[in-house]
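Working through the structure, step by step
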Amino acid sequence: MSARALVIIPTYNERAALPGTLARARGAAPHVDVLIVDDASPDGTGRWAAEQALADPGVHVLHRPGKAGLGRAYVAGFGWALERGYERVVEMDADGSHHPEDLPRLLDALEADGVELAIGSRWVPGGRTENWPWYRALLSRSANAYANVAIGLGVRDATAGFRAFRADALRGLDLAEVTSQGYCFQVDMTRRVRRGAGEIVEIPITFTERVEGVSKMSRAIVVEALWRTTAWGAERRTRQWWGWVRRGSRGRTQALRRRS
(Lines give C-alpha, C1' and ligand atoms only; values in the text may rest on other atoms or scores of the structure.)
Protein backbone atom coordinates (compact mmCIF):
# COMPACT_ATOMS: atom_id res chain seq x y z
CA MET A 1 0.00 0.00 0.00
CA SER A 2 1.33 3.46 -0.90
CA ALA A 3 1.96 5.98 1.86
CA ARG A 4 -0.90 8.35 2.71
CA ALA A 5 -0.10 11.69 1.13
CA LEU A 6 -1.54 15.18 1.41
CA VAL A 7 -0.99 18.18 -0.86
CA ILE A 8 -1.27 21.53 0.93
CA ILE A 9 -2.37 24.47 -1.23
CA PRO A 10 -2.37 27.85 0.56
CA THR A 11 -4.74 30.40 -0.92
CA TYR A 12 -5.50 34.10 -0.72
CA ASN A 13 -7.65 35.47 -3.54
CA GLU A 14 -7.03 32.50 -5.85
CA ARG A 15 -10.65 31.96 -6.97
CA ALA A 16 -9.69 32.25 -10.65
CA ALA A 17 -6.70 29.89 -10.54
CA LEU A 18 -7.66 27.29 -7.93
CA PRO A 19 -10.33 25.35 -9.89
CA GLY A 20 -7.92 24.38 -12.64
CA THR A 21 -5.10 23.54 -10.24
CA LEU A 22 -7.35 21.40 -8.04
CA ALA A 23 -8.83 19.53 -11.00
CA ARG A 24 -5.36 18.79 -12.38
CA ALA A 25 -4.09 17.65 -8.96
CA ARG A 26 -7.01 15.28 -8.44
CA GLY A 27 -6.56 13.93 -11.96
CA ALA A 28 -2.78 13.49 -11.75
CA ALA A 29 -2.79 11.84 -8.31
CA PRO A 30 -6.32 10.74 -7.35
CA HIS A 31 -5.00 8.74 -4.37
CA VAL A 32 -3.50 11.91 -2.84
CA ASP A 33 -5.69 14.12 -0.65
CA VAL A 34 -5.68 17.91 -0.93
CA LEU A 35 -5.88 20.46 1.87
CA ILE A 36 -6.70 24.04 0.86
CA VAL A 37 -5.55 26.49 3.54
CA ASP A 38 -7.47 29.68 2.92
CA ASP A 39 -6.73 32.96 4.71
CA ALA A 40 -10.27 34.39 4.53
CA SER A 41 -9.96 35.36 0.86
CA PRO A 42 -12.26 38.30 0.04
CA ASP A 43 -12.84 36.91 -3.46
CA GLY A 44 -14.65 33.80 -2.19
CA THR A 45 -11.87 31.25 -2.65
CA GLY A 46 -12.63 29.68 0.73
CA ARG A 47 -16.36 29.35 0.00
CA TRP A 48 -15.65 27.71 -3.35
CA ALA A 49 -13.15 25.32 -1.74
CA ALA A 50 -15.69 24.36 0.93
CA GLU A 51 -18.18 23.44 -1.79
CA GLN A 52 -15.60 21.19 -3.45
CA ALA A 53 -14.86 19.51 -0.11
CA LEU A 54 -18.54 18.61 0.25
CA ALA A 55 -18.51 16.95 -3.16
CA ASP A 56 -15.10 15.22 -2.98
CA PRO A 57 -13.98 13.33 0.18
CA GLY A 58 -10.35 13.74 -0.91
CA VAL A 59 -10.55 17.53 -0.66
CA HIS A 60 -10.36 19.34 2.69
CA VAL A 61 -10.35 23.00 3.70
CA LEU A 62 -8.71 24.76 6.62
CA HIS A 63 -10.20 28.23 7.08
CA ARG A 64 -8.02 30.80 8.83
CA PRO A 65 -9.31 34.10 10.15
CA GLY A 66 -7.17 36.43 8.05
CA LYS A 67 -4.10 36.85 5.87
CA ALA A 68 -1.09 35.75 7.94
CA GLY A 69 1.43 34.81 5.27
CA LEU A 70 2.59 31.78 3.33
CA GLY A 71 4.84 30.35 6.04
CA ARG A 72 2.16 30.31 8.71
CA ALA A 73 -0.34 28.82 6.28
CA TYR A 74 2.01 25.94 5.54
CA VAL A 75 2.86 25.40 9.21
CA ALA A 76 -0.86 25.22 9.99
CA GLY A 77 -1.26 22.72 7.16
CA PHE A 78 1.67 20.64 8.42
CA GLY A 79 0.07 20.43 11.84
CA TRP A 80 -3.27 19.42 10.31
CA ALA A 81 -1.56 16.66 8.29
CA LEU A 82 0.47 15.29 11.19
CA GLU A 83 -2.56 15.16 13.48
CA ARG A 84 -4.35 12.99 10.91
CA GLY A 85 -1.54 10.55 10.27
CA TYR A 86 -0.43 11.47 6.76
CA GLU A 87 2.98 10.04 5.89
CA ARG A 88 3.89 12.36 3.00
CA VAL A 89 3.17 16.10 2.89
CA VAL A 90 3.50 18.23 -0.25
CA GLU A 91 3.65 22.01 -0.73
CA MET A 92 2.15 23.34 -3.95
CA ASP A 93 1.02 26.77 -5.20
CA ALA A 94 -2.56 27.39 -6.27
CA ASP A 95 -1.69 29.53 -9.28
CA GLY A 96 -0.70 26.81 -11.75
CA SER A 97 3.00 27.62 -11.71
CA HIS A 98 3.62 24.15 -10.28
CA HIS A 99 2.43 21.37 -12.55
CA PRO A 100 0.33 18.84 -10.60
CA GLU A 101 1.38 16.21 -13.13
CA ASP A 102 4.80 16.24 -11.42
CA LEU A 103 3.30 15.11 -8.10
CA PRO A 104 3.91 11.37 -8.64
CA ARG A 105 7.62 11.96 -9.35
CA LEU A 106 8.08 14.05 -6.20
CA LEU A 107 6.35 11.44 -4.05
CA ASP A 108 8.28 8.58 -5.68
CA ALA A 109 11.54 10.33 -4.77
CA LEU A 110 10.66 10.02 -1.07
CA GLU A 111 10.59 6.23 -1.34
CA ALA A 112 14.39 6.07 -1.51
CA ASP A 113 16.03 5.20 1.80
CA GLY A 114 16.99 8.23 3.86
CA VAL A 115 15.32 10.85 1.66
CA GLU A 116 13.32 13.26 3.80
CA LEU A 117 12.75 16.13 1.37
CA ALA A 118 12.22 16.10 -2.39
CA ILE A 119 12.38 19.53 -4.04
CA GLY A 120 10.84 20.28 -7.43
CA SER A 121 13.80 22.17 -8.85
CA ARG A 122 14.02 24.71 -11.67
CA TRP A 123 17.80 24.92 -11.57
CA VAL A 124 19.02 21.32 -11.91
CA PRO A 125 19.60 19.70 -15.32
CA GLY A 126 16.20 19.06 -16.88
CA GLY A 127 14.49 21.80 -14.86
CA ARG A 128 13.32 24.99 -16.56
CA THR A 129 10.95 27.94 -16.42
CA GLU A 130 8.29 29.13 -18.87
CA ASN A 131 7.12 32.72 -19.43
CA TRP A 132 9.08 33.96 -16.44
CA PRO A 133 10.48 37.51 -16.62
CA TRP A 134 14.27 37.59 -16.79
CA TYR A 135 14.49 39.67 -13.60
CA ARG A 136 12.51 37.08 -11.61
CA ALA A 137 14.80 34.31 -12.86
CA LEU A 138 17.85 36.41 -11.97
CA LEU A 139 16.44 37.10 -8.50
CA SER A 140 15.79 33.40 -7.92
CA ARG A 141 19.24 32.31 -9.07
CA SER A 142 20.92 35.04 -7.03
CA ALA A 143 18.91 34.19 -3.90
CA ASN A 144 19.84 30.52 -4.21
CA ALA A 145 23.50 31.28 -4.79
CA TYR A 146 23.60 33.55 -1.75
CA ALA A 147 21.79 31.01 0.44
CA ASN A 148 24.27 28.32 -0.53
CA VAL A 149 27.26 30.52 0.20
CA ALA A 150 25.85 31.78 3.50
CA ILE A 151 24.29 28.59 4.87
CA GLY A 152 25.86 25.76 2.88
CA LEU A 153 22.58 24.10 1.92
CA GLY A 154 24.01 22.08 -0.95
CA VAL A 155 20.91 22.40 -3.15
CA ARG A 156 20.39 24.45 -6.29
CA ASP A 157 16.79 25.54 -5.67
CA ALA A 158 16.32 26.14 -1.95
CA THR A 159 13.64 28.77 -2.65
CA ALA A 160 11.43 26.35 -4.60
CA GLY A 161 7.87 26.09 -3.32
CA PHE A 162 6.96 22.73 -4.88
CA ARG A 163 8.31 20.09 -2.52
CA ALA A 164 7.44 16.90 -0.64
CA PHE A 165 8.38 15.97 2.94
CA ARG A 166 8.33 12.74 4.83
CA ALA A 167 6.04 13.29 7.81
CA ASP A 168 8.76 11.99 10.14
CA ALA A 169 11.04 14.82 8.98
CA LEU A 170 8.39 17.38 9.90
CA ARG A 171 7.81 15.73 13.28
CA GLY A 172 11.51 16.10 13.99
CA LEU A 173 11.34 19.88 13.56
CA ASP A 174 10.07 22.45 16.03
CA LEU A 175 7.48 23.93 13.69
CA ALA A 176 6.38 26.44 16.35
CA GLU A 177 9.74 28.18 15.85
CA VAL A 178 9.16 28.73 12.12
CA THR A 179 8.10 32.33 11.54
CA SER A 180 9.64 33.01 8.11
CA GLN A 181 7.62 33.76 4.96
CA GLY A 182 7.83 33.56 1.17
CA TYR A 183 11.22 32.71 -0.34
CA CYS A 184 12.60 32.79 3.17
CA PHE A 185 10.22 30.10 4.44
CA GLN A 186 11.43 27.65 1.80
CA VAL A 187 15.08 28.36 2.60
CA ASP A 188 14.30 27.99 6.31
CA MET A 189 12.64 24.58 5.89
CA THR A 190 15.51 23.37 3.69
CA ARG A 191 17.98 24.55 6.32
CA ARG A 192 16.12 22.76 9.12
CA VAL A 193 15.95 19.46 7.26
CA ARG A 194 19.65 19.73 6.39
CA ARG A 195 20.58 20.48 10.03
CA GLY A 196 18.69 17.35 11.04
CA ALA A 197 20.97 15.33 8.73
CA GLY A 198 18.08 14.52 6.41
CA GLU A 199 18.87 13.68 2.79
CA ILE A 200 17.50 16.13 0.22
CA VAL A 201 17.03 15.36 -3.47
CA GLU A 202 16.08 17.69 -6.33
CA ILE A 203 13.69 16.58 -9.05
CA PRO A 204 13.69 18.63 -12.28
CA ILE A 205 10.40 20.37 -13.01
CA THR A 206 9.04 23.02 -15.34
CA PHE A 207 7.90 26.15 -13.52
CA THR A 208 5.33 28.24 -15.41
CA GLU A 209 4.54 31.87 -14.67
CA ARG A 210 0.97 32.26 -13.42
CA VAL A 211 -1.71 33.22 -15.93
CA GLU A 212 -4.50 33.85 -13.41
CA GLY A 213 -4.54 36.15 -10.39
CA VAL A 214 -1.85 38.42 -9.01
CA SER A 215 1.62 37.47 -7.75
CA LYS A 216 2.18 37.82 -3.98
CA MET A 217 5.87 38.66 -4.45
CA SER A 218 6.88 41.93 -2.82
CA ARG A 219 9.93 43.95 -1.80
CA ALA A 220 9.26 43.02 1.84
CA ILE A 221 9.53 39.31 1.04
CA VAL A 222 12.89 39.83 -0.69
CA VAL A 223 14.22 41.96 2.17
CA GLU A 224 13.13 39.39 4.77
CA ALA A 225 14.86 36.60 2.84
CA LEU A 226 18.07 38.63 2.64
CA TRP A 227 18.37 39.57 6.30
CA ARG A 228 17.25 36.19 7.65
CA THR A 229 19.64 34.30 5.36
CA THR A 230 22.46 36.60 6.44
CA ALA A 231 21.61 35.98 10.11
CA TRP A 232 21.50 32.20 9.59
CA GLY A 233 24.85 32.37 7.82
CA ALA A 234 26.36 34.28 10.74
CA GLU A 235 24.93 31.72 13.16
CA ARG A 236 26.45 28.89 11.11
CA ARG A 237 29.87 30.55 11.02
CA THR A 238 29.73 31.12 14.78
CA ARG A 239 28.96 27.44 15.40
CA GLN A 240 31.83 26.44 13.12
CA TRP A 241 34.22 28.81 14.90
CA TRP A 242 33.30 27.47 18.33
CA GLY A 243 33.71 23.94 17.01
CA TRP A 244 37.25 24.77 15.89
CA VAL A 245 37.99 26.40 19.26
CA ARG A 246 36.73 23.38 21.21
CA ARG A 247 38.62 20.93 19.02
CA GLY A 248 41.79 23.00 19.39
CA SER A 249 41.33 23.16 23.16
CA ARG A 250 40.86 19.40 23.41
CA GLY A 251 43.93 18.84 21.26
CA ARG A 252 46.07 21.07 23.48
CA THR A 253 44.76 19.36 26.62
CA GLN A 254 45.55 15.89 25.25
CA ALA A 255 49.04 17.01 24.23
CA LEU A 256 49.75 18.32 27.76
CA ARG A 257 48.52 15.06 29.27
CA ARG A 258 50.81 13.02 27.05
CA ARG A 259 53.79 15.15 28.06
CA SER A 260 53.01 14.77 31.75
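Placed above this text is the structure.
Residues numbered from 1 in each chain as written. Predicted model: local features only at pLDDT ≥ 70, side-chain atom pairs only at ≥ 80, totals over all residues. Heavy atoms only, no water.

Quick word on the sheet that holds strand β2 (residues 33–38)
- Here 7 strands make up an open sheet; going across it, the order is β3-β2-β1-β4-β7-β5-β8 and the pairing mixed. The open sheet is flanked by β3 (59–63) and β8 (199–204), the only strands paired with a single partner. Going across the sheet, the axis of each strand differs from the next one's by a mean of 20 degrees, ignoring polarity.
- When strand β1 (residues 5–11) meets strand β4 (residues 88–91), the two strands line up parallel, connected through 4 bridges. Looking at the pairing, Ile8 lines up with Glu91 of β4. (Pairing = 2+ DSSP bridges. Helix = DSSP H or I, 4+ residues; strand = E, 2+ residues; numbered from the N terminus. Axes fitted to C-alpha atoms, helices over the stretch in contact; angles between N-to-C directions.)

Observations concerning the nonpolar core
- Among the nonpolar cores identified, the biggest contains 34 residues, and Ile8, Phe78 and Met189 are the most heavily contacted of them.
- The residues touching Ile8, leaving out its near neighbours within four places in the chain, are Leu35, Val37, Tyr74, Gly77, Phe78, Val89, Val90, Glu91 and Met92.
- Of all hydrophobic cores here, the second largest spans 27 residues; its members include Ile9, Val32, Val90 and Ile205. (Core = buried A, V, L, I, M, F, W, Y, C linked by side-chain atoms within 4.5 Å. Buried < 20%, exposed > 50% of the residue type's maximum accessible area, 1.4 Å probe, protein only. Contact = heavy atoms within 4.5 Å.)

Things to note about the pattern of salt bridges
- Summed over all chains, the structure comprises 12 salt bridges.
- Among the salt bridges present, the one from Asp56 reaches Arg26, with a minimum N-O distance of 2.9 Å. Of the two residues, Asp56 is situated in the loop between α2 (45–55) and β3 and Arg26 in helix α1 (residues 18–28); the sequence distance between them amounts to 30 residues. In this structure, Asp56 and Arg26 share a single accessibility class: buried.
- The residue Asp157 makes a salt bridge to Arg122 at a minimum N-O spacing of 2.7 Å. One end of the pair, Asp157, is in the loop between α5 (134–151) and β7 (163–166); the other, Arg122, is in the loop between β5 (115–121) and β6 (128–130), with 35 residues separating them in the sequence.
- A relative accessible area of 0% places Asp157 in the buried class.
- Within the structure, one salt-bridge network assembled from shared partners comprises Glu177, Asp188, Arg191 and Arg192. (Salt bridge = Lys/Arg side-chain N within 4 Å of Asp/Glu carboxyl O.)

Details of the packing of aromatic side chains
- Considering all chains together, one arrives at 8 aromatic pairs under this definition.
- For the pair Tyr74 and Phe185, a centre-to-centre distance of 5.8 Å together with 10 degrees between the ring planes defines the contact as stacked. Taken together, the residues Tyr74 in helix α3 (residues 70–83) and Phe185 in helix α7 (residues 182–195) connect sequence positions 111 residues apart.
- Geometrically, the ring pair formed by Phe78 and Phe165 is edge-to-face, given 5.6 Å between the ring centres and 70 degrees between the ring planes. You can see Phe78 sitting in helix α3 and its partner Phe165 sitting in strand β7, a full 87 residues away along the chain. Summarising the burial analysis for this pair, Phe78 and Phe165 share the class buried.
- Sitting over the ring of Tyr86, Arg4 keeps its end group 4.1 Å from the ring centre.
- Here Arg122 stacks its cationic end above the ring of Phe207, 5.2 Å away from the centre of that ring. (Phe/Tyr/Trp six-rings, centres within 6.5 Å; stacked < 30°, edge-to-face > 60°. Lys NZ or Arg CZ within 6 Å of the ring centre and 35° of its normal.)

Digging into the side chain of Gln186
- The topology assignment puts Gln186 in helix α7.
- The exposure class assigned to Gln186 is buried, which follows from its relative accessible area of 2%.
- Within the structure, Gln186 has its side chain in polar contact with the side chain of Glu91 (distance 3.0 Å).
- Residues in contact with Gln186, not counting those within four places in the same chain, are Leu70, Tyr74, Glu91, Ala158, Thr159, Ala160, Gly161 and Arg163. (Polar contact = N/O pair within 3.5 Å; in protein donor to acceptor, adjacent residues only side chain to side chain.)

Considerations on the packing of α5 against α7
- Two elements in contact, α5 and α7, have axes separated by 12 Å at closest approach and are oriented at 35 degrees. Crossing of α5 over α7 shows right-handed handedness. Within the contact between the two elements, α5 uses Arg136, Leu139, Ser140, Ala147 and Ile151 and α7 uses Tyr183, Val187 and Arg191.
- For the contact of α5 with α7, the class distribution of residues is 5 nonpolar, 1 polar and 2 charged. (Left-handed = near helix turned anticlockwise from the far one by under 90°. Nonpolar A, V, L, I, M, F, W, Y, C, P; charged D, E, K, R; others polar.)

As for α3
- For α3, which comprises 14 residues, the first-to-last C-alpha distance of 20 Å matches the rise-based estimate of 20 Å (1.5 Å per residue) to within 8%.
- Residues of α3 that are buried include every one of Gly71, Ala73, Tyr74, Val75, Gly77, Phe78, Trp80, Ala81 and Leu82, and no others.
- Among the residues trailing α3, Gly85 stands out with phi positive, at a value near 80 degrees. (Expected span 1.5 Å × (residues − 1).)

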